Amino acid sequence: MFRTVLLVGIGGFLGSVSRFLVGQGLHRYFDTIFPIGTMTVNIVGSFIIGVIYSLAERDNLVSPEMRMFLAVGFCGGFTTFSSFAFDNLNLLKDSGFLYLSVYVAGSVFLGLLAVYFGTQIHKLF
């Protein structure tokens, strides 16, 4: 278990640093208020996690430890959106459109609501 936690932690570190560097690089290159860095990271991370799980399921081309390092660690540090997108795909395949719709709408709406309330909490103190 300790080895797995260490692999996830190292992967998370590398993913977080990569997210920062990609975001900063794109924001310097594209002078815009649009969050191009975040959007790019989300799309790239979603592609990476799809490749990782595809290779892991197909003839075990990715070991369970490497999958934890890459999918949970790196992609988790790079973007949690990749996990969100992968969960959505699984819901669509396994449960259909209803659960997918509830998950997407609930995550987006409640996430925005949570961010809003988080930005307002300082007014209580």
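Now for a quick tour of the structure. Being a predicted model, the structure only gives us computed values, none of them experimental. (Residues numbered from 1 in each chain as written. Predicted model: local features only at pLDDT ≥ 70, side-chain atom pairs only at ≥ 80, totals over all residues. Heavy atoms only, no water.)

1. With respect to a nonpolar patch on the surface
On the surface, F2, L6, I10, F13, L14, V17, F20 and L21 cluster together into a nonpolar patch covering about 820 Å² of accessible area. Tracing the sequence through the fold places F2 in helix α1 (residues 2–29). (Patch = residues over 30% accessible without salt bridge, like charges linked within 9 Å, V, L, I, M, F, W, Y side chains within 5 Å. Areas by Shrake-Rupley, 256 points an atom, 1.4 Å probe, with all protein chains shown as cover. Salt bridge = Lys/Arg side-chain N within 4 Å of Asp/Glu carboxyl O. Helix = DSSP H or I, 4+ residues; strand = E, 2+ residues; numbered from the N terminus.)

2. A few points about the packing of helix α4 (residues 81–94) against helix α5 (residues 97–120)
Two elements in contact, α4 and α5, have axes separated by 7 Å at closest approach and are oriented at 155°. When the axes of α4 and α5 are compared, the pair comes out roughly antiparallel. Crossing hand, α4 versus α5: right-handed. Contact residues: F84, D87, N88, L91 and L92 in α4; F97, Y99, L100, Y103, V104 and S107 in α5. (Axes fitted to C-alpha atoms, helices over the stretch in contact; angles between N-to-C directions. Parallel < 35°, antiparallel > 145°, perpendicular 65-115°, else oblique. Left-handed = near helix turned anticlockwise from the far one by under 90°. Contact = heavy atoms within 4.5 Å.)

3. Regarding the side chain of N42
Of note, N42 is situated in helix α2 (residues 36–57). Residue classification places N42 among the buried positions, given a relative accessible area of 18%. (Buried < 20%, exposed > 50% of the residue type's maximum accessible area, 1.4 Å probe, protein only.)

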